[in-house]
Amino acid sequence: MIYDKLSNIRRYKGLHPNLDIALDYIGDYLADMPQHVDLKGDAVYGNIFTYDTVPDDESFFEAHARFADIQIMREGSERVAVSHISELETDSAQPEKDFWALHGPEETSIVLEPGSFLIVLPGDAHKLKMQLGSPATVTKSVFKVNME
């Protein structure tokens, strides 16, 4: 897990070539990002999502084996929990879609707000969409990056 200010996004270049592609795009073009952008086919792409946050008990952990997620808040705020998958129990697995739904204890949590970003790497289970006090509408960019 990497959590930082958007102004520091390029600090994390060099971890993986596909991650570098996404970080460069974010650093140069995030403000003009369309609803969907393919940066390297199915290996690096991004989408903009708008949704309402929910109470903690209506969210769940998800994890990926091959993909990292870069979560960038554009409008609004949400709480995000992160735990290592070894600390959680699997509810369902869809390996062909690189998706696992899990439950268990939160090891850490952050507030994702405009100007900040979160990178969750393979093995980092993340619980998203959690409200801060009351439901709110958020908009964020999410990039999927194949780390194989």
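So, here's what we can say about the structure. The model shown is predicted, which means the values in this text are computed figures rather than measured ones. (Residues numbered from 1 in each chain as written. Predicted model: local features only at pLDDT ≥ 70, side-chain atom pairs only at ≥ 80, totals over all residues. Heavy atoms only, no water.)

## Some details on the overall build of the protein
Helix and strand counts for the protein stand at one helix and twelve strands. Going from the N terminus to the C terminus, the protein shows its helices and strands as β-α-β-β-β-β-β-β-β-β-β-β-β. Radius of gyration (C-alpha) of the protein: 15 Å, near the 15 Å computed for a compact globule of 148 residues. The C-alpha extent of the protein, read off along each of the three principal axes, is 35 × 35 × 25 Å. Out of the 148 residues belonging to the protein, those deemed buried represent 48%. (Helix = DSSP H or I, 4+ residues; strand = E, 2+ residues; numbered from the N terminus. Rg over C-alpha atoms; globule rule 2.2 N^0.38 Å. Buried < 20%, exposed > 50% of the residue type's maximum accessible area, 1.4 Å probe, protein only.)

## A short note on the pairing of strand β7 (residues 89-94)
As judged from the five bridges shared by β7 and strand β8 (residues 99-103), these two strands associate in the antiparallel manner. Across the sheet, residue Thr90 finds its bridge partner in β8, namely Leu102. (Pairing = 2+ DSSP bridges.)

## A short note on the pairing of strand β5 (residues 67-75)
Within β5, seven of the nine residues are buried, which leaves the element mostly enclosed by the surrounding structure. Note that β5 and strand β12 (residues 137-146) share eight bridges and pair antiparallel. Bridging across to β12, Met73 finds its partner in Lys140. With four bridges joining them, β5 and strand β10 (residues 116-120) adopt antiparallel strand pairing.

## Quick look at helix α1 (residues 17-29)
For α1, which comprises 13 residues, the first-to-last C-alpha distance of 18 Å matches the rise-based estimate of 18 Å (1.5 Å per residue) to within 8%. Considered for burial, the residues of α1 that qualify are Asn18, Leu19, Asp20, Ala22, Leu23, Tyr25 and Ile26. Where α1 is buried, its residues touch β2 (36-38), β3 (44-52), β5, β10 and β12. (Expected span 1.5 Å × (residues − 1). Contact = heavy atoms within 4.5 Å.)

## Observations regarding the packing of aromatic side chains
Within this structure, the stated rule accounts for four aromatic pairs. Pairing Tyr12 with Phe117 gives two aromatic rings, centres 6.0 Å apart and planes at 70 degrees, and the pair type is edge-to-face. Here Tyr12, found in the loop between β1 (2-5) and α1, pairs with Phe117, found in strand β10; they are 105 residues apart in sequence, far enough to count as distant. For the pair Tyr12 and Phe117, one class covers both residues: buried. Between Tyr25 and Tyr29, the aromatic rings sit 5.5 Å apart at their centres with planes inclined by 40 degrees, giving tilted as the arrangement. With Tyr25 and Tyr29 both in helix α1 and four residues apart, this pair spans about one turn of that helix. For Tyr25, a relative accessible area of 12% puts it in the buried group. By relative accessible area, which is 46% here, Tyr29 ends up partly exposed. In this structure an aromatic cluster arises from ring pairing among Tyr25, Tyr29 and Phe143. (Phe/Tyr/Trp six-rings, centres within 6.5 Å; stacked < 30°, edge-to-face > 60°.)

## Here's the deal with the sheet that holds β8
Spatial strand order, β7-β8-β4-β11-β6-β9: six strands in an open sheet with antiparallel pairing. Among the strands making up the open sheet, the edge pair consists of β7 and β9 (108-112). Taking each pair of neighbouring strands and ignoring which way they run, the sheet shows an average axis angle of 30 degrees. Across five bridges, the pairing between strand β6 (residues 78-84) and β9 is antiparallel. By the bridge assignment, Glu78 is partnered in β9 with Leu112. (Axes fitted to C-alpha atoms, helices over the stretch in contact; angles between N-to-C directions.)

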